[in-house]
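Take a look at the letters that make up each chain.
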Amino acid sequence: MLYIRADMNDIIATGHIMRCLAIADAAKSMGEDTVFITADDQPAGLLKERGYSCHVLGTDWRNPDSELPALQSFLEECHVQKLLLDSYQVTPAYLKKLDGLVKVMYLDDLNTFHYSASGLICYANYWEKFNYTEKYTDTKLFLGPQFVPLRSVFSHCSEKRIRPRIENLLLLSGGTDPYGILDGLLRRIPLHEYRRIDVVCGRYDSAYGMLQEKFASDPVVHIHKAVSAIEEYMERSDAAVSAGGTTLYELCATGTPTVSYAVADNQLDNVRRFDSDGLITWCGDVRCEDVPGKVLQALEACRDEKVRRERSRKMRELVDGRGAARIVRAMREL
């Protein structure tokens, strides 16, 4: 049995739970079931839809130290020996206590402090900057994009068809869109230049209804929300505009030429590294820059078929979509 501690809500959005679901799916394909442990019941509906049980601690996700008694009781009752932990809220005291109870595998991409854990995963493309190998001599380390936890469908993507021109465009914002970037992009992008524009709003995007009503009669723009098969939209798109985060690795697996932007501090290293590696052009931080304007310039540069073809090839070389299975095997190594 695999046990995963993670949360999801309208503030931290869906990223943690979604990547953990990919790991749970990989474990299921390898004959192992998964139990999720959450602070509250907000993720319960999604987890049930995907066929997983959820133990709700009934605690405040903002204050992880306060949940330790309830978590310890559950771990002891179920004789849990290993725990995969995915949370930005954890504290040094929390991890030290937890690591004394079970073997902890921690999913990291921030390097906030020195983590007390038996294993550490950082799949971010910028993992080298954290000097893990020097800091964690007694911890099992699993580093680099080969460990990015994507759903199994991303391990079977065929080579991207690169058309002479960009006909189908995909706009993505992640789980939320607090700065209204999707509406901002649609107001600036020349819609008539595309055959189809798919706009995917996140589960917690409050502007979904407004966008759907605004573009209800537009034959080019199609508004969607929390789609279950995002890979289908990626595969049929000639180019994408996306926020930073795990979505960029999904786009790599499908080989979809992409331009990106950041909406939070924890995305900045990611988008900057993709940009410096020549894979995905970064168009700035929505909190302080004219991202729609820079996106227009980046899409213009992407019109070059040779540029898109080369970027697509390099993206697929970086991510093969098998990271979730590698994480399951890493858990077994602890």
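**Topic: the pattern of salt bridges**
The final tally for this structure, using the stated rule, is 28 salt bridges. Between Asp290 and Arg188 there is a salt bridge, with the nearest N and O atoms lying 3.2 Å from each other. Taken as a pair, Asp290 in the loop between β13 (281–285) and α11 (291–301) and Arg188 in helix α6 (residues 181–188) lie far apart in primary sequence, 102 residues in all. For Asp290, a relative accessible area of 41% translates into the label partly exposed.

**Things to note about the pairing of strand β4 (residues 82–86)**
Successive residues of a regular strand alternate their side chains across the two faces of the sheet. A large share of β4 lies buried, amounting to four of its five residues. Examined bridge by bridge, strand β1 (residues 2–6) and β4 share three bridges and lie parallel to one another. By the bridge assignment, Arg5 is partnered in β4 with Leu85. Where β4 meets strand β5 (residues 103–107), four bridges bridge the pair, whose relative direction is parallel.

**Some remarks on the packing of helix α9 (residues 246–254) against helix α10 (residues 268–276)**
Between α9 and α10, whose axes approach to 10 Å, the crossing angle comes to 30 degrees. In terms of axis orientation, α9 runs roughly parallel to α10. For the pair α9 and α10, contact is made by Leu248, Tyr249 and Cys252 and by Asn270, Val271 and Phe274, respectively.

**Description of the pairing of β13**
Counting buried residues in β13 gives four out of five residues, a clear majority hidden from the surface. Note that strand β12 (residues 258–262) and β13 share three bridges and pair parallel. For Ala262, the partnering residue across the bridge sits in β13 and is Asp285. Regarding the hand of the β-α-β motif, the stretch spanning β12, α10 and β13 is right-handed.

**Observations regarding helix α13 (residues 323–333)**
Taken residue by residue, α13 has Gly323, Ala324, Arg326, Ile327, Val328, Ala330 and Met331 as its buried positions. Buried residues along α13 sit in contact with β1, α1 (15–29), β4, β5, β6 (119–122) and β7 (140–143).

**Regarding unusual backbone geometry**
Non-glycine residue Asn131 carries a positive phi angle of around 55 degrees. Its location among the elements puts Asn131 in the loop between β6 and α5 (132–135). Look at Asn131 and you get partly exposed, because its relative accessible area is 38%. Despite not being glycine, Ala226 shows a phi value in the positive range, around 45 degrees. Positionally, Ala226 belongs in the loop between β10 (221–225) and α8 (230–236). Taking the relative accessible area as the measure of exposure, Ala226 reaches 35% and is therefore partly exposed.

**Brief notes about the sheet that holds strand β8 (residues 168–172)**
Here we have six strands laid out as an open sheet, ordered β10-β9-β8-β11-β12-β13, and parallel in their pairing. Edge positions in the sheet fall to β10 and β13, since each has one partner strand and no second. When the angles between neighbouring strand axes are averaged without regard to direction, this sheet yields 15 degrees. The sheet contacts of α10 involve β12 and β13, and relative to β13 the element is tilted by about 145 degrees.

**Re the environment of Arg287**
On the secondary structure map, Arg287 appears in the loop between β13 and α11. Linking Arg287 and Gly100, residues 187 residues apart in sequence, is a C-alpha distance of 40 Å. A distance of 2.7 Å separates the side chain of Arg287 from the side chain of Asp265, its partner in a polar contact. There is a polar contact of 2.8 Å between the side chain of Arg287 and the side chain of Asp285.

The rules we used
Each chain has its residues counted from 1, running along the sequence as written. At least 70 in pLDDT is required for a residue's local features to be given in this predicted model, at least 80 for side-chain atom pairs to be given and counted, and no such filter applies to totals for whole chains, interfaces and linings, which use all residues. To obtain the side-chain values, all non-hydrogen atoms of the structure were used and water was disregarded. A side-chain nitrogen of Lys or Arg and a carboxyl oxygen of Asp or Glu constitute a salt bridge if their distance falls within 4 Å. Secondary structure elements follow DSSP: runs of H or I no shorter than four residues count as helices, runs of E no shorter than two count as strands, and numbering proceeds from the N terminus. Between buried and exposed lies partly exposed: a residue is buried under 20% and exposed over 50% of the maximum accessible area for its type, with that area taken using a 1.4 Å probe on protein chains only. Paired strands are those between which DSSP finds at least two bridges. Fitting a line to C-alpha atoms yields each axis, with helices limited to the stretch in contact; the angle taken between N-to-C directions then spans 0 to 180 degrees. Any angle between 65 and 115 degrees counts as roughly perpendicular, while under 35 counts as roughly parallel, over 145 as roughly antiparallel, and the rest as oblique. By definition, residues are in contact when any of their heavy atoms lie within 4.5 Å. A right-handed crossover is one whose linking path, passing over the helix from the first strand to the second, runs clockwise when the strands point away from the viewer. In protein, a polar contact means a hydrogen-donor-capable atom and an acceptor-capable atom, both N or O and within 3.5 Å, with residues adjacent in sequence counting only if both atoms are side-chain atoms; elsewhere, any N or O pair within 3.5 Å suffices.

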